Amino acid sequence: MERDENAAKNPDGAAGDRAPLLSVRDLATYFRVEGGVAKAVDGISFDVMPGEVLGIVGESGSGKSVASLSILRLIPDPPGHIARGEIRYGGRDLLKLSYQEMRSIRGNEIAMIFQEPMTALNPVFTIGFQLIETLRQHHPQMSKQEAFERAVLRLEQVKIPDAAKRMRDHPHQFSGGMRQRVMIAMALCCNPQLLIADEPTTALDVTTQAQIMELMLTLRARREGGSIILITHDLAVVAETCRRVIVMYGGKIQEVGTVDQIFSSPRHPYTIGLLESLPSAQRGKDRLHTIPGNVPYIMDLPTGCKFCTRCEKVIDRCHQEEPELHQLKNGQLVRCHLVEDEAVKVSGDMPSTTTSAPAP
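Bear in mind the structure is a predicted one, so any value in this text is a computation, not a measurement.

So, how was this worked out
Residues numbered from 1 in each chain as written. Predicted model: local features only at pLDDT ≥ 70, side-chain atom pairs only at ≥ 80, totals over all residues. Heavy atoms only, no water. Helix = DSSP H or I, 4+ residues; strand = E, 2+ residues; numbered from the N terminus. Expected span 1.5 Å × (residues − 1). Buried < 20%, exposed > 50% of the residue type's maximum accessible area, 1.4 Å probe, protein only. 1 Å grid on protein atoms, 1.4 Å probe; cavity = no way out; pocket = protein on both sides within 12 Å on 5 of 7 lines; lining within 4 Å. Points joined across faces, edges and corners; volume = space filled by probe spheres on them. Nonpolar A, V, L, I, M, F, W, Y, C, P; charged D, E, K, R; others polar. Pairing = 2+ DSSP bridges. Axes fitted to C-alpha atoms, helices over the stretch in contact; angles between N-to-C directions. Parallel < 35°, antiparallel > 145°, perpendicular 65-115°, else oblique. Left-handed = near helix turned anticlockwise from the far one by under 90°. Contact = heavy atoms within 4.5 Å.

1. Looking at helix α8 (residues 176–187)
Argument step 1. For α8, spanning 12 residues, the distance from its first C-alpha to its last is 17 Å, which sits close to the expected 16 Å at 1.5 Å a residue.
Argument step 2. Counting buried residues in α8 gives 10 out of 12 residues, a clear majority hidden from the surface.
Argument step 3. Within the sequence span of α8, burial applies to Gly 177, Arg 179, Gln 180, Arg 181, Val 182, Met 183, Ile 184, Ala 185, Met 186 and Ala 187.

2. Details of empty space enclosed by the protein
Argument step 1. In the structure shown here, the tally under the stated rule is 1 cavity of 30 Å³ or more.
Argument step 2. Taken as a whole, the largest cavity encloses approximately 60 Å³ of empty space.
Argument step 3. Around the largest cavity sit His 268, Pro 269, Cys 305, Cys 308, Cys 311, Cys 318, Pro 323, Arg 335, Cys 336 and His 337, which together line it.
Argument step 4. When the residues that make up the lining of the largest cavity are grouped by side-chain class, the tally is 7 nonpolar, 2 polar and 1 charged.

3. As for the pairing of strand β1 (residues 22–33)
Argument step 1. For β1, the buried fraction is high: 9 of the 12 residues fall into the buried class.
Argument step 2. Examined bridge by bridge, β1 and strand β2 (residues 36–48) share 10 bridges and lie antiparallel to one another. In the sheet register, Phe 31 faces β2, and the bridge partner there is Ala 38.
Argument step 3. In this structure, β1 lies alongside strand β4 (residues 80–89), joined through 8 bridges in antiparallel fashion. Its bridge partner being in β4, Val 24 is matched across the sheet by Ile 87.

4. Observations concerning the packing of helix α5 (residues 127–138) against α8
Argument step 1. One way to put it is that α5 packs onto α8 with a least axis distance of 10 Å and a crossing angle of 20°. It follows that α5 is roughly parallel to α8 by the angle criterion. Handedness of the α5/α8 crossing: right-handed. Counting all contacts with α5, which are made through Ile 127, Gln 130, Leu 131 and Thr 134, the residues of α8 involved are Val 182, Ala 185 and Met 186.

5. A few points about the layout of surface pockets
Argument step 1. Estimated volume of the largest pocket: approximately 620 Å³.
Argument step 2. Forming the walls of the largest pocket are 21 residues, and the residues nearest its centre are Arg 106, Gly 107, Phe 114, Thr 134 and Met 186.
Argument step 3. Elements represented by at least two residues in the lining of the largest pocket include exactly α3 (99–105), β6 (110–113), α5 and α8.
Argument step 4. No other element matches the 5 residues that α5 contributes to the lining of the largest pocket.
Argument step 5. Along the lines of polarity and charge, the residues of the lining of the largest pocket split into 12 nonpolar, 6 polar and 3 charged.

Purely geometric numbers; function is a separate question.
This is how it looks when you write it as C-alpha cells:
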C-alpha cells in the first residue's frame, strides 16, 4: 500500500495558508460515575487540514474514541457530557448547534465508521433499507428509486459483488470484512467532507485490513479536499496511510508530529515505548519490548504526568507537575519535562496545544 499522496507532496505536514477543515480547541469530555467524574478527554486541541489523513493512536482507554464521538456530539448524556471546548467546522462551532442542525451535519458533512459494524448496523433491517434511509434522511426530495440506485452504486464502489442482490440481505449474512465495507458505503452515501474511522480494521485479517484501508484512501481521493481521521492502535496502518500522528494517553495529547518524525525520532517516552513494542526483523528472536505496568484507572490518574507511573525516564518533577505540550524546532509537539530545554516560543495567537506543524 502506498503512502498518502499528500504526505509526499507536503511531508512536513505544514498547514501553509489553508484554513483547517476542522479545528478542535481545549475539548474536555467527562463522565459522571459512581465515586466522582471520569475525565476521558481532558483538554485536547488539534486541526484537520483539507485532504489530510490524520492518525490518532494510543492504548485502550486513552480517549481516542471518546474524542471522535465528541466531534459528532454522540456522547450519551447522562452519564457523559462535553464539559468545555470548541469544535469548529465550516465556520460554525458544532457545540453550539441545535439538535436538528447537528443531525443535518452527521452523515452529510461529517461521517463516522464505527468500531463494531455488527452493533452499528441494525440487525432487523436489510442493508438496502438502511442505506436508502440514510440517503433520504439527508435528501428528502430523492425518490426511493434514486436512493436505491445510489445505494447500489456505493456498494459497488466498496467492491461488494452482486450489489443489487445483496441489498436484500441482512447484516448477519455478511462476513466481517463485508460488513465493514457496508459501513464505509453507508458513511460515504452523502459524500461527506470528513470521515472519522474508529478502528476500521479491528478483528479483520491482514489482507482484508489492507483492502479496507486502500478502499478508504481511494474513495477519499475522489472527494477533493476530503479528509480522514483514523483512530487506531495499529501503528503499521498509521505508517502506511497517515500524514500526521497524534499520540494520546490518559485523555491528553502526549505527542504530535508527521509520520516520519514520530517513527524516526519519537521524543515522548510513551511513544518510544509503543514503537519499541512493535515486532522487527532486526530484533530476531529477542523478546518484544513491553511498557511496564498498566494503563492507570481513569478515576485514579497520577497528579503530575499521566505516564509517570510507567515511564522508565521519570524524574521527581514528573510526579508533582504535569508538563505542558512543548513545541520543538522541527514542529513536533511533546508533553514531557525532558524536552523543555528544546522548546521554542509559540506566537501568542496560536493555542499551546495546536497540532499543525509550522511551515519550513
